Amino acid sequence: MDRYVVRFIKPVALAVVTFFSVYFLTESSFIGLIVSSIPLLLGWLGIMEGIAYGMVGSVFIFAVVWAVLPPHMKIFVGNQATVLADELRKEADKGMLPRDADKSVKEADRGSVAR
């Protein structure tokens, strides 16, 4: 009986840690729920538990590191992420038709793009 309780409680605890870590990082409960469902389901199914533990540990450690970073470093990382997103958008626009090249990637995904 105790074995079944542990098989139920451990994945729930991992999902809770993952949810709050992702929620702290992204401030989105939807993303937190989606990401936390991965270790929950893997734990309940009893498959790839090592991957689930590694994911939970990585997300938790990243959230702790993000919490102790100074504010100016967080601003720097945010600016660099924005620059990276712009560069990726420009690279994606190179392969599009000229009429779609100046629009964002989401707008280009609405219709099929002939190459």
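What counts, and where the lines are drawn
- Residues numbered from 1 in each chain as written.
- Predicted model: local features only at pLDDT ≥ 70, side-chain atom pairs only at ≥ 80, totals over all residues.
- Heavy atoms only, no water.
- Helix = DSSP H or I, 4+ residues; strand = E, 2+ residues; numbered from the N terminus.
- Polar contact = N/O pair within 3.5 Å; in protein donor to acceptor, adjacent residues only side chain to side chain.
- Contact = heavy atoms within 4.5 Å.
- Salt bridge = Lys/Arg side-chain N within 4 Å of Asp/Glu carboxyl O.
- Buried < 20%, exposed > 50% of the residue type's maximum accessible area, 1.4 Å probe, protein only.
- Axes fitted to C-alpha atoms, helices over the stretch in contact; angles between N-to-C directions.
- Parallel < 35°, antiparallel > 145°, perpendicular 65-115°, else oblique.
- Left-handed = near helix turned anticlockwise from the far one by under 90°.

S.K.: Would you mind going over the side chain of Ser36 with me for this structure?
M.R.: As for its position among the elements, Ser36 is in helix α2 (residues 29–45). A polar contact is formed between the side chain of Ser36 and the backbone oxygen of Leu33, at a distance of 3.2 Å. Among residues more than four places away in sequence, those in contact with Ser36 are Ala15, Thr18 and Phe19.

S.K.: Would you mind going over the pattern of salt bridges with me for this structure?
M.R.: Side chains that differ in charge, positive against negative, can pair when their charged atoms come close. Evaluated as defined, the whole model comprises 1 salt bridge. Linking Asp86 and Arg89 is a salt bridge whose minimum nitrogen-to-oxygen distance equals 3.7 Å. Of this pair, Asp86 and Arg89 both sit in helix α4 (residues 71–94), 3 residues apart, which is roughly one turn of that helix. Classification of Asp86 by relative accessible area gives partly exposed; the value is 36%. Of the residues examined, Arg89 reaches a relative accessible area of 36% and is grouped as partly exposed.

S.K.: Quick question: what am I supposed to make of the packing of α2 against helix α3 (residues 49–68) here?
M.R.: A pair of packed helices is characterised by two quantities: the angle between their axes and the separation of those axes. Running from amino to carboxyl end, α2 crosses α3 at an angle of 150°, the nearest separation of the two axes being 9 Å. It follows from the interaxial angle that α2 and α3 lie roughly antiparallel. The handedness of the crossing between α2 and α3 comes out as left-handed. For the pair α2 and α3, the contacting residues are Val35, Ile38, Pro39, Leu42 and Gly43 in the first and Glu49, Ala52, Met55 and Val56 in the second.

These figures come from the coordinates and say nothing about function on their own.
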